[in-house]
Amino acid sequence: MRAIWTGSIAFGLVNVPVKAYGATEDHDIDLHQVHDKDGGRIRYERRCEVCGKKIAYKDLDKAYEDGERTIVLTDEDMDALPAEKSREIEVVQFVPASQVDPLMLEKSYYLQADSKSPKAYELLRRTLQDTEKLAVVRFALRQKTRLGILRVRSKVMVLQTVMWADELRDAEAVAPEKSPRISEQELKMSASLVDQYSSDFTPHEFQDDYQAQLQALIEAKIEQGEDLDTEATFGSPDQSSESGEVIDLMEALKRSIDGRNAKAPAKAAKDGKAAAAKKPAAKKPAKKTAAKKPAAKKPATKKATAKEASSSPHKKKASGSGKKSA
């Protein structure tokens, strides 16, 4: 990974030199646009509306329009902003994690200690970990002043950018004017369905189906060309969708719970078969030991008699009746 920012965390009078690295990456397959008639690549060019010339990136400036005029801001103008010159992540407060709305969280960066003596870094990391709090910070990145939080992930600190309060739209704008009535039975069944779906979050068990299917489509297209048969590649479309059917809410909940219950025995049976397949292999050594033990303790004559008795049940009965008459 390549560091995208170098600076320091200001924690009171403690200074923690750090390097920032992007903590996430895009796994999407890169596609570009082409002309549908001849496959020619479509490219977007930076052309000036005044002179019509193609403009190089190095010759671009930013500008603001107030409706009547255009105010051009050069790179030198932008670099002169005091906030842009700062290379410091300032800790302004510590808060419980529950007070940070996940909706406000944006890009994540791993922070690496940028010093031969990483003691200050480790001190802050341990403090955040032990107090179970987040550090609210202010910093400048890519010509913007940003708000963020510091938290711990494994043995490193993570910096997450946070939206400003006025950037978060009011949820009331899309809230229903009148809330529909929900019965106690509907709530109870809904909670039951939630309980059946509840488990620990395991992100590695999920995959991006669209990207996997897109990769399969590309490979099939390479192999078959214009004769590509999408039904052979992906199967026929599912016609059993009930998306257009209006189902009673209680009936939908009942079907969902019944469907989830039906899957549980199948999963249990599968797990049971897997466990049963392992059992004989685990018990084999114990059986051999048990077979050898009686042979070691019993005399040879008794072993032979036991063998005869097991092979001939009629003889055992006769000998028993003889003992009774005697």
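Before any of the text, the structure's been laid out above.
Below is a summary of the structure that appears in this document.

Thresholds, definitions, all that
- Residues numbered from 1 in each chain as written.
- Predicted model: local features only at pLDDT ≥ 70, side-chain atom pairs only at ≥ 80, totals over all residues.
- Heavy atoms only, no water.
- Helix = DSSP H or I, 4+ residues; strand = E, 2+ residues; numbered from the N terminus.
- Buried < 20%, exposed > 50% of the residue type's maximum accessible area, 1.4 Å probe, protein only.
- Contact = heavy atoms within 4.5 Å.
- Areas by Shrake-Rupley, 256 points an atom, 1.4 Å probe, with all protein chains shown as cover.
- Expected span 1.5 Å × (residues − 1).
- Arc of directions from axis to C-beta.
- Salt bridge = Lys/Arg side-chain N within 4 Å of Asp/Glu carboxyl O.
- Patch = residues over 30% accessible without salt bridge, like charges linked within 9 Å, V, L, I, M, F, W, Y side chains within 5 Å.
- Pairing = 2+ DSSP bridges.
- Axes fitted to C-alpha atoms, helices over the stretch in contact; angles between N-to-C directions.
- Core = buried A, V, L, I, M, F, W, Y, C linked by side-chain atoms within 4.5 Å.
- 1 Å grid on protein atoms, 1.4 Å probe; cavity = no way out; pocket = protein on both sides within 12 Å on 5 of 7 lines; lining within 4 Å.
- Points joined across faces, edges and corners; volume = space filled by probe spheres on them.
- Nonpolar A, V, L, I, M, F, W, Y, C, P; charged D, E, K, R; others polar.

### Remarks on the overall build of the chain
Each helix and strand in the chain was counted, giving nine helices and nine strands. Put simply, the chain has 326 residues, and 16% of those count as buried. In the chain, once contacts between residues fewer than 6 apart in sequence are set aside, the share between residues at least 24 apart is 58%. Summed over its atoms, the accessible surface of the chain is roughly 26800 Å², and 53% of this surface lies on carbon and sulfur atoms.

### Some remarks on helix 3 (residues 119–131)
End to end, helix 3 covers 18 Å across 13 residues, agreeing with the expected 18 Å (1.5 Å per residue, within 8%). Every buried residue belonging to helix 3 is among Y121, L124, R125 and L128, and all of these are buried. Buried residues of helix 3 fall within an arc of 100° about the axis and therefore sit on the same side. Residues of helix 3 that are exposed and point over 90 degrees away from its buried face: K119 and D130.

### Quick word on unusual backbone geometry
Here the phi dihedral of E132 falls at roughly 55°; this positive angle occurs in a residue that is not glycine. By the secondary structure assignment, E132 is in the loop between helix 3 and strand 7 (133–140). Exposure remark for E132: the relative accessible area of 66% places this residue in the exposed category. Not every positive phi belongs to a glycine, and S154 is a case in point at roughly 60°. Within the element layout of this structure, S154 appears in the loop between strand 8 (145–153) and strand 9 (156–162).

### Focus on the pattern of salt bridges
Summed over the entire model, instances satisfying the criterion amount to nine salt bridges. Measuring nitrogen to oxygen at the nearest pair gives 3.4 Å for the salt bridge that ties K58 to D59. For K58, a relative accessible area of 69% translates into the label exposed. Classification of D59 by relative accessible area gives partly exposed; the value is 48%. In this structure, the salt-bridge partner of E226 is K221, at a minimum N-O distance of 3.8 Å. Judged by relative accessible area, which is 37%, K221 ranks as partly exposed.

### Topic: a nonpolar patch on the surface
Residues Y64, I71 and L73 make up a contiguous nonpolar surface patch of roughly 260 Å² in combined accessible area. Along the chain, Y64 falls in strand 3 (residues 62–65). What makes Y64 exposed here is its relative accessible area of 53%.

### Here we look at the sheet that holds strand 1 (residues 5–11)
One closed barrel accounts for seven strands, arranged 1-2-6-9-8-7-5; its pairing is mixed. When the angles between neighbouring strand axes are averaged without regard to direction, this sheet yields 40°. Packed onto the sheet, helix 3 meets strand 1, strand 2 (14–22), strand 5 (88–96), strand 6 (105–113), strand 7, strand 8 and strand 9 and runs at close to 70° relative to strand 9.

### Overview of the nonpolar core
If you look at the biggest cluster of nonpolar residues, it comprises 19 residues, and the most contacted ones within it are I9, V18, I89, L111, V137, L150 and L159. Among the secondary structure elements, those contributing two or more residues to this core are strand 1, strand 2, strand 5, strand 6, helix 3, strand 7 and strand 9. For L159, the residues in contact, after removing those within four places along its chain, are I89, K107, S108, Y109, L111, V137, F139, I149 and L150. Of all hydrophobic cores here, the second largest spans eight residues; its members include L134, V136, L147 and I149.

### Some words on empty space enclosed by the protein
Under the defined criterion, the tally for this structure stands at one cavity of 30 Å³ or more. As a volume, the largest cavity reaches approximately 40 Å³. Counted by class, the lining of the largest cavity contains seven nonpolar, no polar and no charged residues.

The analysis is restricted to geometry; functional conclusions fall outside its scope.
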